[in-house]
Amino acid sequence: MPNRCTFCTIIKPTNHLILGTTWYEFCDRCGDKETLQRWTGTELEIKSIRELFDDAAQERREREQI
């Protein structure tokens, strides 16, 4: 892993969010700043990359406890 943020291309410690076949490598600053949008059928949902990453981590922890 190159530790290069997808959004600002600065080399520093990064996290990885994988959605389908798309990988997002992000630093702390960009994780909080960059957002993705999803149409839920009734409203537009906007979440930061960090929120999506944290949601996925929480789901993994909950599955492991079962």
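Each chain carries its own residue numbering, running from 1 in the direction its sequence is written. With the structure being a predicted model, the display of local features is reserved for residues of pLDDT at least 70 and the display and counting of side-chain atom pairs for 80 or more, all residues being used for whole-chain, interface and lining totals. As a convention, hydrogens and water are excluded, and side-chain values are obtained from all of the structure's heavy atoms.

**As for the pairing of strand β2 (residues 22-26)**
Thinking step 1. At least two bridges found by DSSP between two strands are what make those strands a pair. A run of H or I in DSSP counts as a helix once it spans at least four residues, and a run of E counts as a strand once it spans at least two, with each numbered from the N terminus. Inspection of the sheet shows strand β1 (residues 15-19) paired to β2 by five bridges, in the antiparallel sense. If you follow Ile18 over to β2, its bridge partner there is Trp23.
Thinking step 2. The hairpin turn running from β1 into β2, its antiparallel successor, is two residues long, and Gly20 in that turn takes a positive phi close to 65°.

**Some points on the nonpolar core**
Thinking step 1. Side-chain atoms within 4.5 Å are what join buried Ala, Val, Leu, Ile, Met, Phe, Trp, Tyr and Cys residues into a set we call a nonpolar core. Burial classes: relative accessible area under 20% of the type maximum marks a residue as buried, over 50% as exposed, and values in between as partly exposed (1.4 Å probe, protein chains only). If you look at the biggest cluster of nonpolar residues, it comprises five residues: Leu17, Tyr24, Phe26, Ile49 and Phe53.
Thinking step 2. What makes two residues a contact is simply this: any of their non-hydrogen atoms within 4.5 Å. The residues contacting Phe26, other than those within four sequence positions of it, are Cys5, Phe7, Thr14, Asn15, His16, Leu17, Gly31, Ile49, Arg50 and Phe53.

**Digging into the state of the cysteines**
Thinking step 1. Whenever a pair of cysteine sulfur atoms sits within 2.5 Å, that pair is classed as a disulfide. This structure, assessed with the given rule, holds zero disulfides.
Thinking step 2. The cysteine Cys5 is free of any disulfide, with Cys8 supplying the nearest cysteine sulfur at 3.7 Å.
Thinking step 3. No disulfide involves Cys27; its sulfur sits 3.7 Å from that of Cys30, the nearest cysteine.
Thinking step 4. Classification of Cys27 by relative accessible area gives buried; the value is 0%.

**Overview of the pattern of salt bridges**
Thinking step 1. Here, a salt bridge means any Lys or Arg side-chain nitrogen found within 4 Å of an Asp or Glu carboxyl oxygen. For the structure on display, the rule yields five salt bridges.
Thinking step 2. Put simply, Glu45 and Arg38 hold a salt bridge, and the shortest N to O gap is 2.7 Å.
Thinking step 3. A residue is classified by how much of its surface remains accessible, and Glu45, at 26% relative accessible area, is partly exposed.
Thinking step 4. Linked through salt bridges whose partners overlap, the residues forming this network are Asp28, Arg50 and Asp54.

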